[in-house]
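# Breakdown of the fold
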Amino acid sequence: MASEELHTAISTVDRAAVPPPTVLLDAIPLPSDRIINLRAGPTVIIWLTVLAVHTLIPQAGATFKVPADYLSPAALLVLGIALATWGFAYIARGRRENVLAIYRVLIVLGIALIPWEVAERLAWIKPPFFPTVSKVIGVYIEDYPTLLLSIAYSMRLMIIGYVIGSTVGICSGLALGWSKHVSNWAQFWMRLIGPIPATAWIPLAIVVFPNTFSAGIFLIAFASWFPVMMLTSSGVAGVPKALLEAAQTLGADNKRLLRHVVIPAALPNVFVGLFMSLGTAFAILVVAEMMGVKAGLGWYITWAQGWSEYHKVYASMLVLGALFIIVVSGVFKVRDRLLSWQKGIIRW
Amino acid sequence: MVATTPVSQSVPVTQGSDVELLGVSKNRPKGAGRETGGLVLNHVNLRVEPGSFVSIVGPGGCGKTTLLRLLAGLEPPSAGHVHVGGQTVRGPSPRRGIIFQDANLFPWLSVLKNVTFGPLSVGVSLKDAESRATHWLSFLGLSKFLHRYPHELSGGMQQRVAIARAIVNEPDLLLADEPFGGLDWITREQVCDELLRLWHTTRKTFIYVTHALEEAVYISQRVIILSARPGTVAKVIEVNLPEQRWAATDLRFTPEYARLVEEVREVFAEQTALAHNSR
């Protein structure tokens, strides 16, 4: 009896001594098969509906010539992508999050296209102001050389202007935040001139600059300069005094203080300024190209509008949006490199 | 009796500089975020021998931190002279290291780079700076954390990095402003011992501001008690305890230790009472 009790006691101890299974708390579980199917299935159904609406509803109202049909191949392409990624999600389980991201975009796009396509088939909305989906897709296929050229011109104007503007912004912001003299003398004028909308400078810019290209660069640079400058100077002013004192007692001279303490400490703020000014710079880019620059997406939009080719207007608007995403993610990449130390401090 | 550990080595050479305060006063303007302006330090006369470890205690707001900032050269005195190593203090210098209340590490630099910041600022080559930094960091038990960012470390570790950063420039005078105020007691005692060990190895002059009276007795050779605001030296108490205190584990339970703490406490209480009566 006693020995049996002892035996059970020992065996309980033995059981407790077995180490508990290690659970990786940090590991994010991969999306389950169910989730994948619940996204892929509707994607396919929605895009089949798009295709059905497009092909099965007869076009109300007569047209002289039947326009080229780009929606059917596009919808088939999307269906192909949906099916391919569905299979891919089962082969490469690690990429499931990416696959789901694609599905989310395709589902929203398909849901938006169905009413558009129905309205257009039943002739509730009329061209040219509300073109067919097929015509908008057609722009990318028929007019891509002009579109690509416009993108290249826009990007050139945008990048040159933005780089100049933010460089001047960072430098003047550092001077303003760092030097009392500069701040005392220039603060008032910067605050007066800075908030003037860049568009208000157009009359002056056209007169002063030799061509519309340089005028456009000036406008974009101006638009991106002010937010960067203000945020940089407030970032510099907000550098903790304790860090400056620590650096001084370690023997840092002014140059080292600026380069190794002030700039890194102000950098998060500088990036806020850079992101803010990117939006205004983009707006001014389109305005500048609409006003006089003879190339670029802004010019393309005005030119298409002149011909009442609204499908081109919409197509280039989408391109503008996509370009903005690309440029923003480029700036984000730079930020991630320079500010990786913040990862553990702020919500990344 | 105190378990005196036999000091077999020859008495280490003192390398620190002497510190002299002659009639130092500090006046602060009223307002500007301070509820009380006026005199913070009143005619402080003080001499600290080279290579000694001195604690400064005093009632809250008596100007302990101000005194330390004057010594570091972060603020000028309103009157009097501050001499360190025979020279008048005119501004911050790498010859006078300081450990702040908060670790104040640069959050964008790794532990190693935080520590090499000082040597690189005074023109030491990168290789030398790194070897010096790793030496001190491993002395303080941080050799595993060289490439971590400060926010990945605990408070005690951050404060150790701050100590390494202050000592790596090999200053003649090391100032510490309630450096372990934010730490729990066990960590605090450990880091205190490390600081003591550090002082014993380097033989620099250490001036340590604290409001923990026992800690002041435990860590230093002399405790300076400041009067209530405006601060002036109220009393100086010599602490004649063995030097290698981290080795004497029962030091805190000896009657000498208790008597010294009691003595400091009495003067401290007197000064606090005076401060209350004058208000």
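Now for a look at the structure at hand. (Residues numbered from 1 in each chain as written. Chains lettered and ligands numbered in written order. Predicted model: local features only at pLDDT ≥ 70, side-chain atom pairs only at ≥ 80, totals over all residues. Heavy atoms only, no water.)

Of the regular secondary structure elements, chain B holds 7 helices and 10 strands. Relative to the 2.2 N^0.38 estimate, which gives 19 Å for 279 residues, the radius of gyration of chain B is 19 Å and therefore close to what a compact globule would have. Dimensions of chain B along its principal axes, counting C-alpha atoms only, are 55 × 50 × 35 Å. Looking at chain B residue by residue over its 279 residues, the buried ones come to 54%. A fraction of 71% describes how many contacts in chain B between residues 6 or more apart in sequence connect residues 24 or more apart. A total accessible area of about 12,200 Å² is found for chain B, and carbon and sulfur atoms account for 51% of it. Counting 29 positive and 27 negative side-chain charges, chain B places the averaged centre of each group 6 Å from the other. (Helix = DSSP H or I, 4+ residues; strand = E, 2+ residues; numbered from the N terminus. Rg over C-alpha atoms; globule rule 2.2 N^0.38 Å. Buried < 20%, exposed > 50% of the residue type's maximum accessible area, 1.4 Å probe, protein only. Contact = heavy atoms within 4.5 Å. Areas by Shrake-Rupley, 256 points an atom, 1.4 Å probe, with all protein chains shown as cover. Lys, Arg positive; Asp, Glu negative; His and termini not counted. Charge placed at Lys NZ, Arg CZ, Asp CG, Glu CD.)

Our focus in this paragraph is the interface of chain B and chain A. You'll often see interface size given as the accessible area lost when the parts meet. Counting residues at the interface gives 22 residues for chain B, matched by 20 residues for chain A. Of the roughly 1,900 Å² buried between chain B and chain A on both sides combined, carbon and sulfur atoms contribute 68%. The tally of links from chain B across to chain A stands at 1 salt bridge. One salt bridge in this structure joins E245(A) and R69(B), with 2.6 Å as the shortest N-O distance. Seen at the junction of chain B and chain A, the total is 6 residue pairs in polar contact (both at pLDDT 80 or more). Sorting the residues of the side of chain B that touches chain A by element identifies β6 (96–99) and α2 (111–121) of chain B as the ones contributing at least two each. Here the side of chain B that touches chain A gets 4 residues from one element, more than from any other, and that element is α2(B). For the side of chain B that touches chain A, the residue count by class is 13 nonpolar, 6 polar and 3 charged. (Buried area = accessible area lost by both parts, 1.4 Å probe. Salt bridge = Lys/Arg side-chain N within 4 Å of Asp/Glu carboxyl O. Polar contact = N/O pair within 3.5 Å; in protein donor to acceptor, adjacent residues only side chain to side chain. Nonpolar A, V, L, I, M, F, W, Y, C, P; charged D, E, K, R; others polar.)

Below, the discussion takes up the packing of helix α4 (residues 155–167) of chain B against helix α5 (residues 185–202) of chain B. Residue and element names in this part refer to chain B. Contact geometry for α4 and α5: axes closest at 10 Å, N-to-C directions at 15 degrees. By the angle class used here, α4 and α5 are roughly parallel. In this structure, α4 meets α5 at a crossing whose hand is right-handed. In contact with G156, R160, I163 and I167 of α4, α5 contributes T187, Q190, V191, E194, L195, L198 and T202. Taken together, the residues of the contact of α4 with α5 break down into 5 nonpolar, 4 polar and 2 charged. (Axes fitted to C-alpha atoms, helices over the stretch in contact; angles between N-to-C directions. Parallel < 35°, antiparallel > 145°, perpendicular 65-115°, else oblique. Left-handed = near helix turned anticlockwise from the far one by under 90°.)

Here we take up unusual backbone geometry. In this structure, A123(A) takes a positive phi of about 60 degrees despite not being glycine. When you line up the elements, A123(A) lands in the loop between α4 (96–121) and α5 (133–142). Non-glycine residue E178(B) carries a positive phi angle of around 40 degrees. Within the fold, E178(B) resides in the loop between β7 (173–177) and α5.

Moving on, we get to the pairing of strand β4 (residues 79–84) of chain B. For a regular strand, side chains alternate in direction, first toward one face of the sheet and then toward the other. Residues and elements named next belong to chain B. Where strand β1 (residues 19–28) and β4 come together, 5 bridges link them in antiparallel fashion. Following the sheet pairing, V19 is matched in β4 by V84. In this antiparallel pair of consecutive strands, β4 and strand β5 (residues 87–88), the connection spans 2 residues, and G85 shows a positive phi of 60 degrees. (Pairing = 2+ DSSP bridges.)

Turning our eyes to something else, we now look at the side chain of E289(A). Residue and element names in this part refer to chain A. Mapped onto the fold, E289 is located in helix α11 (residues 254–291). For the buried E289, no salt bridge is present, and the opposite-charge side chain at shortest range is R156, 8.7 Å distant. Dropping the residues within four chain positions of it, E289 is found in contact with Y153, S154, L157, A295, G296, L297, G298 and W299.

The next thing to look at is the side chain of T132(A). Residue and element names in this part refer to chain A. One can find T132 in the loop between α4 and α5. Since its relative accessible area comes to 17%, T132 is described here as buried. Only 3.1 Å separates the side chain of T132 from the backbone nitrogen of K135, close enough to count as a polar contact. Sequence-distant contacts of T132, defined by excluding residues within four places in its chain, comprise W116 and E120.

Here we take up the pairing of β7(B). Residue and element names in this part refer to chain B. Within β7, 5 of the 5 residues are buried, leaving the element largely enclosed by the surrounding structure. Pairing between β6 and β7: 4 bridges, direction parallel. Each residue of the ladder has a partner; that of G97, found in β7, is L174. Pairing analysis gives 5 bridges linking β7 to strand β8 (residues 205–209), with the strands arranged parallel. When the bridges of β8 are listed, L174 appears paired with F206.

Before going further, it helps to examine the sheet that holds strand β9 (residues 222–226) of chain B. Residue and element names in this part refer to chain B. With respect to topology, 6 strands assemble into an open sheet ordered β6-β7-β8-β3-β9-β10, the strand pairing being mixed. Edge positions in the open sheet fall to β6 and β10 (233–238), since each of these has one partner strand only. Each strand of the sheet is rotated relative to its neighbour by a mean of 20 degrees, with strand direction disregarded. Across the sheet, α4 is in contact with β6, β7 and β8; its angle to β6 comes to roughly 175 degrees. Across the sheet, α5 lies against β3 (53–57), β6 and β8, angled at about 160 degrees from β8, the strand it touches most.

Taken by themselves, the reported measurements are silent on function.
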